[in-house]
Amino acid sequence: MDDLSQVLRIRREKLDRLRERGIEPYAYNFDATHRSSGAVDSFEEAEAAGTLDEGGHAGMVRVGGRIVAWRGHGKSAFAHVEDAGGRIQLYFKKDVIGEEAFADLDLTDLGDWIGVEGPLFRTRTGEVTVRVDSWTMLSKSLRPLPFGKVEVDADTGERTVHSGFADAESRYRQRYADLAVHPEVREVFRIRSRVVTALRGFMDGEGFLEVETPALQPLYGGASARPFVTRHNALDRTMYLRIADELYLKRLIVGGLDRVYELSKDFRNEGIDRSHNPEFTMLEWYQAFSDYEEQMDLVERMCLHVLDTVLDTRTITYGGKEIRFEAPFRRIGLVDSLSEALGTPVADLSDAELRARAKKLGVPELEGAGRGKLIDKLFGELVEPDLIQPTFVLDHPKELSPLAKPKRGDPELTERFELYIAGMEAFNAFSELNDPLDQRERFEAQARLRDAGDDEAQTIDEDYIRALEYGLPPTGGVGMGVDRFVMLLTDQSSIRDVILFPTLRSEE
RNA sequence: GACCCGGUAGCUCAGCUGGUAGAGCAACGGACUUUUAAUCCGUAGGUCCUGGGUUCGAUCCCCAGCCGGGUCACCA
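All chains use their own residue numbering, which begins from 1 and follows the written sequence. The order in which chains are written sets their letters, starting at A; the order in which ligands are written sets their numbers, starting at 1. Only residues with pLDDT of at least 70 are given local features in this predicted model, and only at 80 or more are side-chain atom pairs given and counted; all residues enter the totals for whole chains, interfaces and linings. Note that the side-chain values use all heavy atoms of the structure and ignore hydrogens as well as water.

A molecule or strand has a residue near it when one of that residue's heavy atoms lies within 4 Å. Around RNA strand B lies a shell of 58 residues, among which Lys14, Thr125, Glu169, His276 and Leu400 are the nearest. When the atoms of RNA strand B within 4 Å of the protein are grouped by moiety, sugar and phosphate amount to 60% of the total. Two N or O atoms form a polar contact when they lie within 3.5 Å of each other; inside protein one atom must be a possible hydrogen donor and the other a possible acceptor, and for residues adjacent in sequence the pair counts only when both atoms belong to side chains. Between RNA strand B and Gly164, the relevant distance is 2.2 Å, taken from a sugar or linking oxygen to a main-chain nitrogen or oxygen of the residue. Here a helix means four or more residues in a row that DSSP labels H or I, a strand means two or more in a row labelled E, and each is numbered from the N terminus. Among the secondary structure elements, those contributing two or more residues to the surface near RNA strand B are α1 (6–20), β1 (58–72), β2 (76–83), β3 (86–93), β7 (149–152), α5 (168–173) and α12 (371–382). Considering each element in turn, the surface near RNA strand B owes the most residues, four residues, to α1. In terms of residue class, the surface near RNA strand B is made up of 17 nonpolar, 17 polar and 24 charged. Here the nonpolar group is Ala, Val, Leu, Ile, Met, Phe, Trp, Tyr, Cys and Pro; Asp, Glu, Lys and Arg are the charged ones; every other residue, Gly included, is treated as polar.

Below you can see the structure in the form of structure tokens.
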């Protein structure tokens, strides 16, 4: 204990003193009658109904919470405790709770969980408060939480937090502390949960069946990304964590489950930045007899459903920009919009000319890039930054879309869309390629890319081709980055801020 | 992976041309029975990220590393 810092040592000493005084510092349960917000509501109802007693007290409540603020006044004290409903003020008075119970308050600290019982009243300054008759220790905190002091402007209600918990690294590593001291962080994850619930509700309502496919796979596919590689001992073979759900879900369409969706973690062994975490949440769905046109309508309806359900608005602010969701969303052709940006039809430009344009814009690493890649790069440079309002980008080059059907009337393109919102790709969809022979050729083209050194090119999945040979009906499929969508709805600039425990390097 | 920025008390930060460190909050002791960033008086609290180097002397300068943030690249 000598090697503990002063603040930790003193709390250990208080723990010992609690036990010496016969107080168990770690309780088994607490029978609360209200959450803090409900207690305040009950007081205001009594007040409105005129049922307060002469002293201005409403009925007894029992509330449990974490002590987040303390103001001692000698023979009395004010505190705030916080629970899932918010904060409520407590008023401890020596001649109400008794000498001994009041003295025991010396052994409490910010961060302790306590339970209190007493009637509610309104203080001179107007705050609904529990006048504590008795209190119990629920859990002694041995490590100080980095509470900031919260200043609330009486006129505007504006909250200012003084010297809070700002170190990004600590906040991610100790998310429990981040959540404990930041109600607004808790709110982000409540919204995340509601978004997921709304997505499920939408898919279920559209007649889709929620399914679970393997996360641990003998062969990975369905996207271009490097996988996490692991080993199954009993089978004595290499296994991969999935990078996408796509190929398994389409096997289910072959099997006759005509509308399926999966909401799950995918894993990609790539870099980490503000919009990428190695494990992330995808929603993918596939609908038989459908194509990408119909899926655009479905995506629009889904976005509006989630916004209506979770935020009750169709206008959001992201990074200071107002984003309006109004169906139909804008639709632009990838190649058409690029032609416009270039001032010359892309079709009239040779690969060499495209390469020269890209080089002029400072696009690096163009060696070996094919026409499709050049078009994609130029699009990313010239068009993408302006896609703030929800915009469907249509019909990507075939080379970039090995699982999408050729576009009707233009076999160099595919029937594919990506939905961009606030410059971020949030959805990706195809009319699914269901010609097994074409699919084999596409896989083989990918294999040639692999042999040429592209370790993100897709691998040939013979079992998937076998499934296609049995017959995949026309199918529309969509993948949605759930984390990114939550970023939009919660106005968070980093994916780490919508993932409870983002991937970090080891602390040691 | 490249570049830029950062790592000092439990938290938020300051620290001058190099002389082994300060503040506010939290904590501790005292005063205070309606406060709310409570107030007032006092006290204690440090692996200055790690390891080398330069120097009489390094939180500070140099090198290497670790961790984080940002930008770019990668991630169709």
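Our next topic: a negative patch on the surface. On the surface, Glu151, Asp153, Asp155 and Glu158 cluster together to form a negatively charged patch. Tracing the backbone shows Glu158 in the loop between β7 and β8 (159–162). Residue burial is assigned from relative accessible area. The probe radius is 1.4 Å, only protein chains are included, and a residue is buried under 20% of its type maximum, exposed over 50%, and partly exposed in between. A relative accessible area of 52% places Glu158 in the exposed class. Here, patches come from residues exposed beyond 30% relative accessible area and free of salt bridges, joined within 9 Å for like charges and within 5 Å for nonpolar side chains (Val, Leu, Ile, Met, Phe, Trp, Tyr). Reported accessibility uses the Shrake-Rupley method at a 1.4 Å probe radius. Residues are deemed covered only where the shown protein chains occlude them. Salt bridge criterion: a side-chain nitrogen from Lys or Arg within 4 Å of a carboxyl oxygen from Asp or Glu. In this charge count, Lys and Arg are treated as positive and Asp and Glu as negative; neither His nor the chain ends contribute. For charged residues, the charge sits on one atom: NZ in Lys, CZ in Arg, CG in Asp, CD in Glu.

Time to look at the packing of aromatic side chains. Two aromatic rings, drawn from Phe, Tyr or Trp (for Trp, its six-membered ring), form a pair once their centres lie within 6.5 Å of each other, and the interplanar angle then sorts them: stacked below 30 degrees, edge-to-face above 60, tilted otherwise. Considering all chains together, one arrives at nine aromatic pairs under this definition. Their ring planes at 50° and their centres at 6.0 Å tell us that Tyr91 and Phe121 sit as a pair that is tilted. Placement of Tyr91 in strand β3 and of Phe121 in strand β4 (residues 113–122) is noted, with a sequence separation of 30 residues between them. Judged by relative accessible area, which is 13%, Phe121 ranks as buried. Clustering of aromatic rings is evident, with ring pairs tying together Phe325, Phe329, Phe392 and Phe417. Arg251 extends its terminal NZ or CZ atom over the ring of Tyr248, reaching a point 4.6 Å from the ring centre. Whether a charge lies above a ring is judged from NZ of Lys or CZ of Arg, which has to be within 6 Å of the ring centre and within 35 degrees of the ring normal.

Before going further, it helps to examine the side chain of Glu300. Checked against the element boundaries, Glu300 lands in helix α9 (residues 292–311). Among the residues examined, Glu300 registers a relative accessible area of 6% and is labelled buried. Polar side-chain contacts of Glu300 include one of 2.7 Å to the backbone nitrogen of Phe329. In this analysis, two residues are considered to be in contact whenever any of their non-hydrogen atoms come within 4.5 Å of each other. Contacts of Glu300, omitting those with residues within four sequence positions, involve Ala327, Pro328, Phe329, Arg331 and Phe392.

Another point: the packing of helix α8 (residues 246–254) against helix α14 (residues 462–471). Axis definition: a line fit to C-alpha positions, over the contact stretch in the case of helices; interaxial angles, taken between N-to-C directions, run 0 to 180 degrees. Remark: α8 packs on α14, axes separated minimally by 9 Å, with the N-to-C direction vectors making an angle of 25°. Accordingly, the angle class assigned to the pair α8 and α14 is roughly parallel. Where α8 crosses over α14, the handedness of that crossing is left-handed. Note on element contacts: α14 touches α8 through Asp463, Tyr464, Ala467, Tyr470 and Gly471, opposite Leu247, Lys250, Arg251 and Val254. These descriptions rest on fixed angle ranges, namely under 35 degrees for roughly parallel, over 145 for roughly antiparallel, 65 to 115 for roughly perpendicular, and the rest for oblique. Left-handed describes a crossing whose near helix is turned anticlockwise from the far helix by less than a right angle; the clockwise case is right-handed.

Attention now moves to the pattern of salt bridges. Under the counting rule described, the total for this entry stands at 44 salt bridges. A salt bridge links Asp112 to Lys140; its shortest N-O distance comes to 2.8 Å. Taken together, the residues Asp112 in the loop between α4 (99–104) and β4 and Lys140 in the loop between β6 (134–139) and β7 connect sequence positions 28 residues apart. Of the two residues examined, Asp112 and Lys140, each falls in the buried class. Among the salt bridges present, the one from Arg408 reaches Glu415, with a minimum N-O distance of 2.5 Å. Residue Arg408 is classed as exposed on the basis of its relative accessible area of 58%. Overall, Glu415 belongs to the buried group, its relative accessible area being 4%. Among the charged side chains, a salt-bridge network with shared partners connects Arg11, Lys14, Asp109, Asp112 and Lys140.

Okay, the confidence of the model for chain A next. Values of pLDDT, which run from 0 to 100, indicate the predictor's confidence residue by residue. Confidence in the prediction for chain A averages 92 pLDDT; 98% of positions are at 70 or higher. Here β8 stands out as the element of chain A with the lowest mean pLDDT, 81, in contrast to strand β9 (residues 209–210), whose mean of 98 is the highest. Overall fold confidence (pTM) sits at 0.93, and the ipTM for the predicted complex is 0.91.

By the element assignment, Glu262 lies in strand β13 (residues 259–267). Reaching out from Glu262, the side chain makes a polar contact with the side chain of Thr213 at a distance of 2.5 Å. When residues no more than four places from it in sequence are discounted, the contact partners of Glu262 are Val211, Glu212, Thr213, Arg242, Asp245, Leu249, Met282, Leu283 and Glu284.

This next bit is on helix α7 (residues 183–205). Along an α-helix, residues three or four apart share an orientation, since each turn contains 3.6 residues. For α7, with 23 residues, the first-to-last C-alpha span of 32 Å sits near the 33 Å given by 1.5 Å per residue. Residues of α7 that are buried: Val185, Arg186, Val188, Phe189, Ile191, Arg192, Val195, Val196, Ala198, Leu199, Phe202 and Met203. The first or second residue beyond α7 is Gly207, which carries a positive phi of 85°. Expected helix span is taken as 1.5 Å per residue step, with the number of steps being one fewer than the number of residues.

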